[in-house]
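One letter stands for each residue in the lines below.
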Amino acid sequence: MPTITYLTSGKSIEVGTEANLLRTSIRHGGEVPFKCGGGLCGTCRVKVVEGRENLSKVMRKEVDRIGREQIEEGYRLACQTFVNGDVTLVWGTDAESLPQPASSTRLANGRESAQPLSR
Ligand code: FES
């Protein structure tokens, strides 16, 4: 079973496949901040430290809200993202101070994005 590690709050939660990052956080005290729950406000933006390859495809709402550049840097909207393997994520000031993840990102158009990550 996949494990979601919410590094900023120090919680690790074992989940079923296709668990949503935000819903799991709400149910089990992961403490990811949120407002709308629908991909509109951007409050649930998290940075994936490990396991980007274990996440659902990037949704159009995510590109519209946080932009392709941040997505390539490892950011996702927790409310729009589902897991199919282990992932580790951070948010807030913790996200700014960590190195870039090295794995690629699956975009909604089906392409892989493995470009060098820049700041
Ligand atoms: S909670 Fe608003 S975009 Fe996720």
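Residues numbered from 1 in each chain as written. Predicted model: local features only at pLDDT ≥ 70, side-chain atom pairs only at ≥ 80, totals over all residues.

Asks: Explain the overall build of the protein residue by residue, including any values.
Replies: Each helix and strand in the protein was counted, giving three helices and nine strands. Along the protein, from the amino end to the carboxyl end, the secondary structure elements read β-β-β-α-β-α-β-β-β-α-β-β. Within the protein, the proportion of its 119 residues that are buried is 29%. (Helix = DSSP H or I, 4+ residues; strand = E, 2+ residues; numbered from the N terminus. Buried ≥ 20, exposed ≤ 12 C-beta atoms within 10 Å, placed from the backbone.)

Asks: A description of the sheet that holds strand S1 (residues 3-6) should follow, citing residues and the corresponding values.
Replies: A sheet is described by the order of its strands in space; here five strands give the open sequence S2-S1-S7-S4-S5, paired in mixed fashion. Across the chains shown, the open sheet's two edge strands, defined by having one partner strand only, are strand S2 (11-14) and strand S5 (75-77). Neighbour to neighbour, the strand axes of the sheet diverge by 30° on average, direction disregarded. Here S1 pairs with S2 via four bridges, running antiparallel. Residue pairing across strands places Thr3 opposite Glu14, the latter belonging to S2. Lying over the sheet, helix H2 (residues 60-72) contacts strand S4 (45-50) and S5, oriented at roughly 170° with respect to S5. (Pairing = 2+ DSSP bridges. Axes fitted to C-alpha atoms, helices over the stretch in contact; angles between N-to-C directions. Contact = placed C-beta atoms within 7 Å.)

Asks: How would you summarise the nonpolar core if you had to cite specific residues and measurements?
Replies: Core analysis: the largest hydrophobic core is formed by 22 residues, its most contacted members being Leu21, Val32, Cys44, Val46, Ala78 and Leu89. At the level of secondary structure, the elements contributing two or more residues to this core comprise S1, helix H1 (21-28), S4, S5 and strand S7 (87-90). It is S7 that contributes the most residues to this core, three residues altogether. If near-sequence neighbours (up to four positions away) are discounted, Ala78 is found in contact with Leu21, Leu22, Ser25, Val32, Cys44 and Val46. (Core = buried A, V, L, I, M, F, W, Y, C linked by C-beta atoms within 7 Å.)

Asks: Could you give me a rundown of the pairing of S1, with the residues and numbers involved?
Replies: Residue alternation in S1 divides its side chains into a buried set, Ile4 and Tyr6, and an unburied set, Thr3 and Thr5. A loop of four residues connects S1 with S2, the two strands running antiparallel in sequence, and Gly10 in this loop sits at a positive phi of about 80°. Inspection of the sheet shows S1 paired to S7 by three bridges, in the parallel sense. Looking at the pairing, Ile4 lines up with Val87 of S7.

Asks: Describe H1, listing the residues and the values that go with them.
Replies: Every α-helix carries 3.6 residues per turn, so stepping three or four residues along brings you back to the same face. Among all positions of H1, only Leu21, Leu22, Thr24 and Ser25 are buried. Along the axis of H1, the buried positions cluster into a sector of 165°, meaning they face one direction only. On its buried face, H1 is in contact with S1, S2, strand S3 (19-20), S4, strand S6 (82-83) and S7. (Arc of directions from axis to C-beta.)

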